[in-house]
Every structure is written in C-alpha cells, then in structure tokens.
Amino acid sequence: MKKRKNFRFISRLDIKDQYLIKSINFEGLRKVGYAKDYALKYYNENIDEIFYIDAVSSLFNKRFVKNFLEMACEKIRVPVTVGGGIKNLDQAKKILKSGADKIAINTAAVKK
C-alpha cells in the first residue's frame, strides 16, 4: 500500500485574460507568459491542484475567459479551481462545464 503524503502543493496563478501576471500589491501588473503554459509546467512537475484567479475581473467588471479555461484544462489532470468575476450561478455552471472542478467566490458573495 502506498503511503499517503501529509501535504498538497497547490499552484495559484494570477491571470488577466489568458496571461499569467505578476505585480507588487496589484501595482504595475506585467504579463510573464501564457497561464496555460505555466499550468502545464506545474502539472508536469506533479502539482496537486491548480488555482486560477482572475485578479482584475472584479475591478474591470468582466467575466472569466471560457475559451482559455477549455484550452488550459485540456492536458491537465489535477483539480482546477477558478475564481474571479463569477457573479451568478449561470457563470459558475459555464466555468464548471469548461473544465474547472471547483469555483471560488469572493467579491460577488460579499456584495450580495
């Protein structure tokens, strides 16, 4: 019987559209590459879960990019959590149908 590890590695990828972004306190956002490429890299390095968070969706009142998610989840076989810009149940269902396993809600839950 394989011994279970006592920890999990979860990669959080801050994204804007389809790009991985980096910043300091959300100032000076800069693109560092395609988020799906980084997710695949982490998957190949045995990450346990991937958490995509659209860091600016609530700020700009936009939706999570569905096509990006379908492409990003195509080759990844670990749980994927998505957050950012999810305002209602219909949007959550679309995200789950596009490949996410879970959703994270923050701003919409607080506002309603």
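Details of the structure are given in the entry above.
Presented here is an overview of the structure given in this document. (Residues numbered from 1 in each chain as written. Predicted model: local features only at pLDDT ≥ 70, side-chain atom pairs only at ≥ 80, totals over all residues. Heavy atoms only, no water.)

Along the backbone of the chain there are five helices and six strands. Taking all 112 residues of the chain together, the buried fraction comes to 34%. Looking at the chain alone, contacts between residues at least 24 apart form 55% of all its contacts between residues at least 6 apart. Accessible surface for the chain amounts to roughly 7,900 Å². Of this, 52% is attributable to carbon and sulfur atoms. (Helix = DSSP H or I, 4+ residues; strand = E, 2+ residues; numbered from the N terminus. Buried < 20%, exposed > 50% of the residue type's maximum accessible area, 1.4 Å probe, protein only. Contact = heavy atoms within 4.5 Å. Areas by Shrake-Rupley, 256 points an atom, 1.4 Å probe, with all protein chains shown as cover.)

On to the pattern of salt bridges, then. Taken as a whole and judged by the stated rule, the model has five salt bridges. Note that R12 and D14 form a salt bridge whose closest N and O atoms lie 2.8 Å from each other. Judged by relative accessible area, which is 47%, R12 ranks as partly exposed. Among the ionic pairs, E45 bridges to K41, the shortest N-O distance being 3.2 Å. (Salt bridge = Lys/Arg side-chain N within 4 Å of Asp/Glu carboxyl O.)

If you look at the biggest cluster of nonpolar residues, it comprises 20 residues, and the most contacted ones within it are L13, I50, Y52, L69, I76, V80 and V82. Among the secondary structure elements, those contributing two or more residues to this core are β1 (10-16), α1 (35-44), β4 (49-54), α3 (66-73), β5 (80-83) and α4 (89-97). The residues touching I76, leaving out its near neighbours within four places in the chain, are A39, L40, Y43, I50 and Y52. (Core = buried A, V, L, I, M, F, W, Y, C linked by side-chain atoms within 4.5 Å.)

Right, let's talk about the environment of I21 for a bit. Take I21: it is sitting in strand β2 (residues 19-24). We classify I21 as buried; its relative accessible area is 4%. Remark: the alpha-carbon pair of I21 and Y34, spanning 13 residues in sequence, is separated by 8.9 Å. Other than its neighbours up to four places away in sequence, I21 contacts D14, I15, K16, L29, R30, K31 and A55.

Next up on the list: the pairing of β2. Bridging between β1 and β2 involves two bridges; their strand directions are antiparallel. Of the residues in β2, the one forming a bridge with I15 is L20. Counting the residues in the hairpin turn of β1 and β2 gives two residues, including D17, whose phi is positive at 60 degrees. The pairing of β2 with strand β3 (residues 27-34) spans five bridges and is antiparallel. Residue Y19 lies in a different strand from β3, and its bridge partner there is Y34. (Pairing = 2+ DSSP bridges.)

So, about the sheet that holds β4. Read across the sheet, six strands follow the order β3-β2-β1-β4-β5-β6 without closing on themselves; strand pairing throughout is mixed. With partners counted over all chains shown, the strands left at the sheet margins are β3 and β6 (102-104), one partner each. Between one strand and the next, the sheet's axes are offset by a mean angle of 35 degrees, whatever the strand orientation. Along the sheet face, α1 touches β1, β2, β3 and β4 and points at about 65 degrees away from the line of β3. (Axes fitted to C-alpha atoms, helices over the stretch in contact; angles between N-to-C directions.)

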